[in-house]
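The lines below spell out each chain.
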Amino acid sequence: MELIYWLMKRICQKIMDKTYPSQSILAERYKIEKVLGDGSYGIAYLCIELESGSKCVVKQMRKSKKKENEKMYKQETAALQLFDHPSIPYLIETFTYEGNHFFSMEFIEGDNLEDLLFSKKKVFNEAEALLFFRQLLEIVAYTHKQGIAHCDIRIPNVMLSDNQIYLIDFGLSQCLDNIHKKEIVQDDFFDLGDFLLFILYSTYDAKSKKNRPWTEELHLHNQTTGILKKLLQIEQPYSNVHEIITDVHHAINVISY
Ligand SMILES: Nc1ncnc2c1ncn2[C@@H]1O[C@H](COP(=O)(O)OP(=O)(O)OP(=O)(O)O)[C@@H](O)[C@H]1O
């Protein structure tokens, strides 16, 4: 019975969440080249803007989970509209087509960190990892200053293009104007710690099958370990992003000399 219910639900979702095939024209303005991502809240397409001939990304909100998705759609479009930063894609427009909600944004030519680490097997040594991490921190400092926390900083949501880091996917972002501000900021810091661990693990070559804690598996400078412990709340956490930037800056200097 449960299986039938699950199957029916999946079929309904498939019908409601129409995925447009490549070469489709959306709203007479965007030609779909391919699907970039098919997440729980939206479908991301690589498109050509017909008037300018330039590439862009168009995101379609899933109709099947309208209630939750509408909130994310609003959050993401409002955040992108607010930001004016070279490392965050800018919003082109929001539109409705065949009853589906879409928005278009700048296309970042590059790879997300998940593809780089797991498909392309890119390796970041400690100094490189910290240099890229510092770039990400500068973006987070900007969004926090604008009163927005990303709340979903993960390797698929960070892109690398020409040695430049970009932050995408603000669907779960939250305003920092409420009583939970401290907790929300700490969530971003925890995610940053997790993110840094992911890229540091790119050099790790598992010789034994036995899992050990990261403090033993990775051979890091004390400064980097200290930053991670504070981000992951093993030690007294950071209270703002500028404290993290200062520590990362110091760690880079120590490692480089
Ligand atoms: N502006 C962009 N420029 C280039 N590539 C992008 C851009 N936005 C998204 N992508 C690519 O598409 C992938 C999926 O995008 P995104 O994470 O925004 O949506 P999703 O994963 O489909 O949805 P969900 O938010 O439900 O997880 C990203 O990992 C990235 O590779």
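Identification of the chain as Serine/threonine-protein kinase from Gracilibacillus oryzae is taken from an unreviewed UniProt entry.

1. Some thoughts on the sheet that holds strand β2 (residues 30-38)
Taken together, the 6 strands give an open sheet; going across it, the order is β1-β2-β3-β4-β6-β5, and neighbouring strands pair in antiparallel fashion. Each of the sheet's edge strands pairs with one partner strand only, and the pair in question is β1 (25-26) and β5 (91-97). As judged from the 6 bridges shared by β5 and strand β6 (residues 100-106), these two strands associate in the antiparallel manner. By the bridge assignment for β6, tyrosine 97 is matched with asparagine 100. In the packing of helix α2 (residues 66-82) onto the sheet, the strands contacted are β4 (55-61), β5 and β6, and the crossing angle to β5 comes to about 150 degrees.

2. A look at the nonpolar core
Inside soluble globular proteins, nonpolar side chains tend to come together where they are buried. Counting 51 residues, the largest nonpolar core has Ala129, Phe133, Leu136, Leu196 and Ile199 as the members making the most contacts within it. Top contributing element to this core by residue count: helix α4 (residues 126-145), with 8 residues. Taken together, domain 1 (15-106) and domain 2 (111-256) each give at least three residues to this core, which thus spans both. In this view, alanine 129 contacts Phe124, Leu196, Ile199 and Leu200; residues no more than four positions away in its chain are not counted.

3. As for the domain arrangement of the chain
Under the domain assignment used here, the chain contains domain 1 (15-106) and domain 2 (111-256). Centre-to-centre, using C-alpha coordinates, domain 1 lies 27 Å away from domain 2. Taken together, the contacts link 12 residues of domain 1 with 14 residues of domain 2.

4. Some words on α4
Across its 20 residues, α4 extends 28 Å between first and last C-alpha, which sits within 8% of the 28 Å expected from 1.5 Å per residue. For α4, the complete set of buried residues consists of Ala129, Leu130, Phe132, Phe133, Leu136, Leu137, Ile139, Val140 and Thr143. Of the surrounding elements, those touching the buried residues of α4 are β8 (148-149), β9 (158-161), β10 (164-167), α5 (181-200), α7 (222-231) and α8 (241-256). Looking one or two places after α4, you find glycine 147, whose phi comes out positive at around 85 degrees.

Rules used throughout
Residues numbered from 1 in each chain as written. Predicted model: local features only at pLDDT ≥ 70, side-chain atom pairs only at ≥ 80, totals over all residues. Pairing = 2+ DSSP bridges. Helix = DSSP H or I, 4+ residues; strand = E, 2+ residues; numbered from the N terminus. Contact = placed C-beta atoms within 7 Å. Axes fitted to C-alpha atoms, helices over the stretch in contact; angles between N-to-C directions. Core = buried A, V, L, I, M, F, W, Y, C linked by C-beta atoms within 7 Å. Buried ≥ 20, exposed ≤ 12 C-beta atoms within 10 Å, placed from the backbone. Domains from an automatic or database assignment. Expected span 1.5 Å × (residues − 1).

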